[in-house]
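# Descriptive analysis of the structure
Now for the letters of each chain:
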Amino acid sequence: MTQAATSSAAAPQAPAHIAIIMDGNGRWAKARGLPRVAGHQRGAEAARIAVRSCGELGVKYLTLYAFSSENWKRPVAEVDDLMSLLRFYLRREIGSLAEQGVRLRFIGSRERLAPDIITEIERSEALTHANSGLTLVVALNYGSHEEIVQAARLLAEDVAKGALRPADIDEAMFAARLSTADIPNPDLLIRTSGEQRLSNFLLWQAAYSELVFLDTCWPDFSRESLDQAIREFHRRDRRFGATHG
Ligand code: FPP
């Protein structure tokens, strides 16, 4: 039996879509007297572990919050470090991701991203487009408020063109104009490092997600952390606003 099969056999059934706010890289580094970039580097390794583990568990979608639209407020050197890391990760991992059958998707605004990063994004999406394993959604330069405003703008344009009546706008039409239009909502949303907030991440999509907050800082996130979050997910009673049947 392979390592993957062994781990899968012991694990509880995985949710279809897991979303993760990878928090605590800076604190992890600070606690070890290291520069923040060392935390992000280890964070990128943890992301690799999360992708592999989700693939093994049969998770269909994994969304990782890699860079928020608010992260531009960080010092230029740290933004540069994060972008370099992403560039490096994409170039180094794309072969292995493709081999694992992973389909890559990016959500978030392409504005302000360096041209070579946009090229890398487009290349990796095109290269993995036909894969049928885990869909890895990377939220890059992503912010929910901006995404929701953009959806409203698109609906307003349709109304202005006479293609849509305001009274006919419903939730499905709104959701269809979000960057996640063809992606199911997350079942489980994990945030590491003990912080308990959504930080402008998937605000519409997480309406009924189970939120699990782990004390572990992201660089220490492991297969065991994932299993722990999934076990907690299974202890929850999901009613989607209804009562028990
Ligand atoms: C939060 O830690 C983490 C980030 C802002 C960036 C996350 C990026 C990575 C894990 C690396 C690249 C990702 C991929 C998918 C290759 P923080 O810096 O806010 O930590 P702190 O709150 O302790 O300061």
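Residues numbered from 1 in each chain as written. Predicted model: local features only at pLDDT ≥ 70, side-chain atom pairs only at ≥ 80, totals over all residues. Heavy atoms only, no water.

What follows is about the sheet that holds strand β4 (residues 135–142). Read from one edge to the other, the open sheet built from 6 strands follows the order β3-β4-β2-β1-β5-β6, with strand pairing classed as parallel. Taken across any chain shown, the strands that pair with only one partner, and hence form the sheet edges, are β3 (103–107) and β6 (210–213). Neighbour-to-neighbour, the strand axes of the sheet open up by a mean angle of 20 degrees, direction not taken into account. In terms of strand pairing, strand β5 (residues 188–191) meets β6 through 4 bridges, oriented parallel. Across the sheet, residue Ile 190 finds its bridge partner in β6, namely Val 212. Against the sheet, helix α3 (residues 36–57) engages β1 (17–21), β2 (61–68) and β4, with an angle of about 165 degrees to β2. (Pairing = 2+ DSSP bridges. Helix = DSSP H or I, 4+ residues; strand = E, 2+ residues; numbered from the N terminus. Axes fitted to C-alpha atoms, helices over the stretch in contact; angles between N-to-C directions. Contact = heavy atoms within 4.5 Å.)

Here the focus is the packing of aromatic side chains. Summed over all chains, the structure comprises 7 aromatic pairs. Here the aromatic rings of Phe 174 and Trp 204 are separated by 4.8 Å at their centres, their planes lie at 20 degrees, and the arrangement is stacked. Of this pair, Phe 174 sits in helix α7 (residues 171–175) while Trp 204 is found in the loop between β5 and β6, placing the two residues 30 residues apart along the sequence. A relative accessible area of 16% places Phe 174 in the buried class. A relative accessible area of 29% places Trp 204 in the partly exposed class. (Phe/Tyr/Trp six-rings, centres within 6.5 Å; stacked < 30°, edge-to-face > 60°. Buried < 20%, exposed > 50% of the residue type's maximum accessible area, 1.4 Å probe, protein only.)

A few words on the pattern of salt bridges. Scanning the model with the defined rule gives 26 salt bridges in all. A salt bridge links Arg 223 to Asp 227; the nearest nitrogen and oxygen atoms lie 3.1 Å apart. Taken together, the residues span about one helical turn, with Arg 223 and Asp 227 both in helix α8 (residues 223–235) at a distance of 4 residues. Under the relative-accessibility criterion, Arg 223 is labelled buried at 16%. Overall, the relative accessible area of 11% leaves Asp 227 in the buried class. Residue Arg 231 pairs with Glu 224 through a salt bridge whose shortest N-O separation is 3.0 Å. Take Glu 224: its relative accessible area is 43%, and that puts it in the partly exposed class. Taken together, the shared-partner salt bridges in this structure form one network comprising Asp 23, Arg 27, Arg 191, Glu 195 and Arg 197. (Salt bridge = Lys/Arg side-chain N within 4 Å of Asp/Glu carboxyl O.)

Looking now at the side chain of Arg 105. Relative to the elements of secondary structure, Arg 105 occurs in strand β3. Residue class for Arg 105 comes out buried when judged on its relative accessible area of 19%. At a separation of 3.2 Å, a polar atom in the side chain of Arg 105 contacts the main-chain carbonyl oxygen of Ser 179. Within the local environment of Arg 105, its side chain forms a polar contact with the side chain of Asp 182, the two groups lying 3.1 Å apart. If near-sequence neighbours (up to four positions away) are discounted, Arg 105 is found in contact with Glu 125, Thr 135, Leu 136, Val 137, Val 138, Ser 179, Asp 182 and Ile 183. (Polar contact = N/O pair within 3.5 Å; in protein donor to acceptor, adjacent residues only side chain to side chain.)

Below, the discussion takes up the side chain of Glu 210. With respect to the helices and strands, the residue Glu 210 is situated in strand β6. Glu 210 sits in the buried class, given a relative accessible area of 14%. With residues up to four places along the chain from it excluded, the contact list for Glu 210 reads Asp 187, Leu 188, Leu 189, Phe 233, Arg 236 and Arg 238.

For β3, the tally of buried residues reaches 4 of 5 residues, placing the bulk of the element in the interior. Two elements, β3 and β4, share 5 bridges in a ladder whose sense is parallel. Bridging from a neighbouring strand, Phe 106 pairs with Val 138 of β4. After leaving β3, the chain enters helix α5 (residues 115–128) and then returns to the sheet as β4, a path that is left-handed. (Right-handed = clockwise from strand over helix to strand, strands pointing away.)

For Ile 190, the location among the structural elements is in strand β5. A relative accessible area of 0% means that Ile 190 is categorised as buried. With sequence-adjacent residues up to four places away left out, Ile 190 is seen in contact with Ile 18, Ala 19, Ile 20, Ile 21, Val 212, Leu 214, Leu 226 and Ala 229.

Turning next to the site of the ligand. The immediate surroundings of the ligand are formed by 16 residues, with Met 22, Gly 26, Arg 27, Arg 36 and Arg 74 found nearest. At a separation of 3.1 Å, an oxygen atom of the ligand approaches a polar side-chain atom of Asp 23. Gly 24 places a main-chain nitrogen or oxygen 3.4 Å from an oxygen atom of the ligand. With the chains in place, 91% of the 620 Å² that the ligand exposes on its own is no longer accessible. Breaking the shell around the ligand down by element, the ones donating at least two residues are α2 (25–31), α3 and α4 (76–99). Classifying every residue of the shell around the ligand gives 6 nonpolar, 6 polar and 4 charged. (Near = heavy atom within 4 Å. Areas by Shrake-Rupley, 256 points an atom, 1.4 Å probe, with all protein chains shown as cover. Nonpolar A, V, L, I, M, F, W, Y, C, P; charged D, E, K, R; others polar.)

Purely spatial values, then, with no claim about function.
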